[in-house]
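# Geometric and topological summary
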Amino acid sequence: MSDKPDNDSLFEAPPMGEQERMVEAIMFATAEPVTVKDLIGRMPHGCDPAEALAHLRKRYEGRGVHVVKVGDAWAIRTAADLGFLMQKETVETRKLSRAAIETLAIVAYQQPVTRAEIEEIRGVSVSRGTIDQLIEMEWIRFGRRKMTPGRPVTFVVTQGFLDHFGLENARDLPGLKELRSAGLLENRPPPGAVALGEAEDENDDDDEDQTELFEE
Amino acid sequence: MSDKPDNDSLFEAPPMGEQERMVEAIMFATAEPVTVKDLIGRMPHGCDPAEALAHLRKRYEGRGVHVVKVGDAWAIRTAADLGFLMQKETVETRKLSRAAIETLAIVAYQQPVTRAEIEEIRGVSVSRGTIDQLIEMEWIRFGRRKMTPGRPVTFVVTQGFLDHFGLENARDLPGLKELRSAGLLENRPPPGAVALGEAEDENDDDDEDQTELFEE
Amino acid sequence: MQGDEFQEDTISVSERIAAEALIVDVGAFEGPLDLLLTLSRTQKVDLRQISILALAEQYLAFVEKAKQLRLELAADYLVMAAWLAFLKSRLLLPPDPSEEGPTGEELAAHLAFQLERLEAMRDSAAKLMARDQLGRDFFPRGVTEDVQRVRRVTYTATLLDLMQGYARIRTRDDFRPFVMDRQHVMTMEQALERMRNLIGFAGNWTDISSYLPDGWDSDPQRSRSTTAATFAASLELAKEGKIEIRQGETFAPIQIRKKAPRDE
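From a predicted model like this one, the values you see are computed outputs, not experimental measurements.

Thresholds applied
- Residues numbered from 1 in each chain as written.
- Chains lettered and ligands numbered in written order.
- Predicted model: local features only at pLDDT ≥ 70, side-chain atom pairs only at ≥ 80, totals over all residues.
- Heavy atoms only, no water.
- Helix = DSSP H or I, 4+ residues; strand = E, 2+ residues; numbered from the N terminus.
- Buried < 20%, exposed > 50% of the residue type's maximum accessible area, 1.4 Å probe, protein only.
- Contact = heavy atoms within 4.5 Å.
- Areas by Shrake-Rupley, 256 points an atom, 1.4 Å probe, with all protein chains shown as cover.
- Buried area = accessible area lost by both parts, 1.4 Å probe.
- Salt bridge = Lys/Arg side-chain N within 4 Å of Asp/Glu carboxyl O.
- Polar contact = N/O pair within 3.5 Å; in protein donor to acceptor, adjacent residues only side chain to side chain.
- Pairing = 2+ DSSP bridges.
- Axes fitted to C-alpha atoms, helices over the stretch in contact; angles between N-to-C directions.
- pLDDT = per-residue confidence, 0-100.
- Expected span 1.5 Å × (residues − 1).
- Phe/Tyr/Trp six-rings, centres within 6.5 Å; stacked < 30°, edge-to-face > 60°.

### Looking at the overall build of chain A
Each helix and strand in chain A was counted, giving 9 helices and 6 strands. The proportion of buried residues among the 216 residues of chain A is 51%. Long-range pairs, those at least 24 residues apart, make up 56% of the contacts in chain A between residues at least 6 apart in sequence. In the structure as shown, chain A presents an accessible area of about 10,700 Å², 50% of it carried by carbon and sulfur atoms.

Structure, rendered in structure tokens:
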């Protein structure tokens, strides 16, 4: 595929300036974040997309569009301060219910989190539609099963979530550190198995029915 | 969302650098090419998008993407020399089918040859796909029409064919006697070639589906 | 919880007011924990300093009020009420050392933790939604160029393939196994088919040879095949009663004609 004329060696990589242009072209061509691995796969042999990306990111600092990191991928996005120009492009996002928003936040901050844990935090059972909706929006996905009895499935947030909320990674969630230091992200079991504990057990049955369906 | 403070006058246009950012963001995010009129309509009062466009165009000169004119509108597009990055080519090599090889051989040895002659020699009808394939590969092409009733077209081999097979001329192909003396003739019919005529006849129906083209 | 006795009176006033306001739309709460969180806000203190005992009383007052108003409360509200009544008794009574299980303070602390955590998650949700969002505040590329997957299939053949292919065709007769050469053969089925179409017109005696298809007489092999097939087909048709067949003498031409219905 590489039809760059190689002067000396068959595998000589193009100069960094060229590589930066290539990364720029690829990133402009797609709406989805692109991983360095993708870039390596698409660029001529011997390229260093990570370095090219760093240059490109610098080049677009302060411009109308930015190079942003999304999880382990990269994307070009318009600068948020120019959003007011884009009314035409604004996509009417489905209005999320309060339950869905809270569930999403719980998954984001407490991930990996089981359905039972979400229910314990919110104090109500999670309706099936809520989880479905968030999965369908590709904001949450199934994580690893928990190594607790019943091996319940867990939920984690996706790259799409990070992209949507402009987060480099889940550690950048606002106020995460404060929450952690306040001990609010710990999974603290209720003292003894009185009342609340029992309620949780009941829910476990439901869990099995549903969560078994969706294995990662 | 517009939280740009207007310093002096309500209608003072943003500095040109800002306007350039705006044009950049709009062009980036818009699915359609944007006219200057569109830009005027979308940008704050007093802006000069035409000038901003000129700056932006200059800024992208030599980059991986360019600001290009599309009709009377403007768009950001991949630099032409980087188009190859937008394609992922997978090359699959397949062995030419037996029908195609035989047809090709007949054309090579007997050119110019009509389709009817090929069929007579092979003893089965030649599927259209076979001829098409050889033409598409640029190994055979149409020769002169034959001066016989119906003035049928003839086929001859191409320069590409000669190049591929390392021949200077189709007449350089070894004759039957030479093949035999060189031990190149198969002395036994290939396995599965019993009732050769019949077997191939059967396949003729499938030919239309091009199965003949793809011999594993 | 030193100031509890003092607080109890003041709270009982505010709590009733609050409860009455809350009772109006009990359906708006997402369960007892949500209600508890809302109630706890009436204490106007940091959640970490909240009096769980007071909160329990507020909640119980709320449930009491709901009962007075004959409001149907969901079961989990009543479960929570029972549990809070139990908690309240534990908090008020001096701990019984012989009793198993967590102390009232432990249970209260956990409830406080749950409330604090729920509130924190709600705050976080609000912060999250307040962020710049893709498609609202910042935008992806409007024109996307997907990577085209170009699958190119190349076919190869070697000169040897070519030569062997040619040789195979040209020398086929050398090693040709015995097969009927269908090209030069007319089957009886074919002849029968042919004759069925023609026979309708044959009212008079006609030579069978006139039924031979055109162009089959030049090649001897074809001529033989078609004659035999046509003859066999004639016999078949005669057997079916469709035609009559006759031959004047040995080697004389064989003639056929359509058998007239009800002829005999």
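Now that the structure has been shown, the text picks up again.
### Topic: unusual backbone geometry
Cis peptide bonds are those with omega within 30 degrees of zero, and the linkage from Gln111(A) to Pro112(A) qualifies with -10°. In this fold, Pro112(A) is placed in the loop between helix H4 (98-110) and strand S4 (113-114).

### Examining the interface of chain A and chain C
Chain A puts 52 residues into the contact, and the matching count from chain C is 38 residues. Summing both partners gives a buried area of about 4,100 Å² for chain A against chain C, and 64% of it is carried by carbon and sulfur. Ranking the residues of chain A by area buried against chain C places Phe165(A), Leu184(A) and Pro191(A) at the top, with a combined share of 14%. Taken together, chain A and chain C are joined by 5 salt bridges. For Glu120(A), the salt bridge identified is with Arg117(C), shortest N-O distance 3.4 Å. For the pair chain A and chain C, the interface holds 10 residue pairs in polar contact (both at pLDDT 80 or more). Mapped by element, the contributors of at least two residues to the side of chain A that touches chain C are helix H1 (16-29), strand S3 (73-78), H4, helix H5 (115-122) and helix H7 (159-164) of chain A.

### Comments concerning the sheet that holds strand S3 (residues 243-247) of chain C
All names here are of chain C. Across the sheet, which stays open at both edges, the 3 strands sit in the order S2-S4-S3 with antiparallel pairing between neighbours. The sheet is open, and its two borders are formed by strand S2 (206-207) and S3, each paired with just one other strand. Sheet analysis places S2 next to strand S4 (residues 254-258), joined by 2 bridges and oriented antiparallel. Across the sheet, Asp207 pairs through a bridge with Gln255, a residue of S4.

### Comments concerning the sheet that holds S4(A)
All names here are of chain A. In spatial order, the strands read S4-S6-S5; together these 3 strands make up an open sheet with antiparallel pairing. Both edges of this open sheet fall to S4 and strand S5 (140-142), since each of them pairs with a single strand only. The pairing of S4 with strand S6 (residues 154-157) spans 2 bridges and is antiparallel. Opposite Thr114, over in S6, you have Thr154 as the bridge partner. The strands touched by H4 are S4, S5 and S6; relative to S6, the strand with the most contacts, the crossing angle is about 90°. The strands touched by helix H6 (residues 128-136) are S5 and S6; relative to S5, the strand with the most contacts, the crossing angle is about 105°.

### Regarding the pattern of salt bridges
Going through the model one piece at a time under the given rule, you end up with 31 salt bridges over all chains. Between Arg98(B) and Glu102(B) there is a salt bridge; the shortest N-O distance is 3.3 Å. Here the residue Arg98(B) and the residue Glu102(B) both occupy positions in helix H4 (residues 98-110), the gap between them amounting to 4 residues, near one helical turn. Residue Glu102(B) is classed as buried on the basis of its relative accessible area of 0%. Glu119(C) is the partner of Arg41(C) in a salt bridge, and the nearest nitrogen-oxygen pair spans 2.8 Å.

### Digging into the confidence of the model for chain C
All names here are of chain C. When pLDDT is averaged across chain C, the result is 77; 81% of the residues are at 70 or more. Per-element mean pLDDT across chain C ranges from 58 in helix H1 (residues 4-24) up to 88 in helix H5 (residues 104-130). Here residues 1-8 is modelled with pLDDT under 50, and outside its nearest four sequence neighbours on either side it reaches 7 contacts, counting other chains as well. For this predicted complex, the interface confidence score (ipTM) comes to 0.60, while the overall pTM stands at 0.58.

### Here's the deal with H4(A)
Residue and element names in this part refer to chain A. Under the 1.5 Å per step criterion, the end-to-end length of H4 is 18 Å for 13 residues, consistent within 8% with the ideal 18 Å. Of all the 13 residues making up H4, 12 are buried; the element is thus mostly covered by neighbouring parts of the structure. By the burial criterion, the buried members of H4 are Ala99, Ala100, Ile101, Glu102, Thr103, Leu104, Ala105, Ile106, Val107, Ala108, Tyr109 and Gln110.

### Quick look at the packing of aromatic side chains
Residue and element names in this part refer to chain A. All told, the structure shown has 9 aromatic pairs over all chains when counted by the stated rule. Aromatic side chains Phe28 and Tyr60 sit 6.2 Å apart centroid to centroid with 50° between the ring planes, which places their arrangement in the tilted category. One end of the pair, Phe28, is in helix H1; the other, Tyr60, is in the loop between helix H3 (49-59) and strand S2 (65-70), with 32 residues separating them in the sequence. For Tyr60, a relative accessible area of 1% puts it in the buried group.

### Structural notes on the pairing of S3(A)
Residue and element names in this part refer to chain A. Most of S3 is tucked away: 6 of the 6 residues are buried. Side chains Ala73, Ala75 and Arg77 project from S3 onto one buried face, and the interleaved Trp74, Ile76 and Thr78 project onto a second face that is buried too. Sheet topology note: the strand S1 (residues 34-35)/S3 ladder contains 2 bridges and is antiparallel. If you follow Thr35 over to S3, its bridge partner there is Ala73. Across 6 bridges, the pairing between S2 and S3 is antiparallel. Looking across to S3, one finds that Val70 is bridged to Ala73. Hairpin connection, S2 to S3: the antiparallel pair is bridged by 2 residues, and Gly71 has positive phi, about 60°.

### Things to note about the environment of Asp34(C)
With respect to the element layout, Asp34(C) can be found in helix H2 (residues 32-41). Of the polar contacts made by the side chain of Asp34(C), one reaches the side chain of Arg98(A); its length is 3.3 Å.

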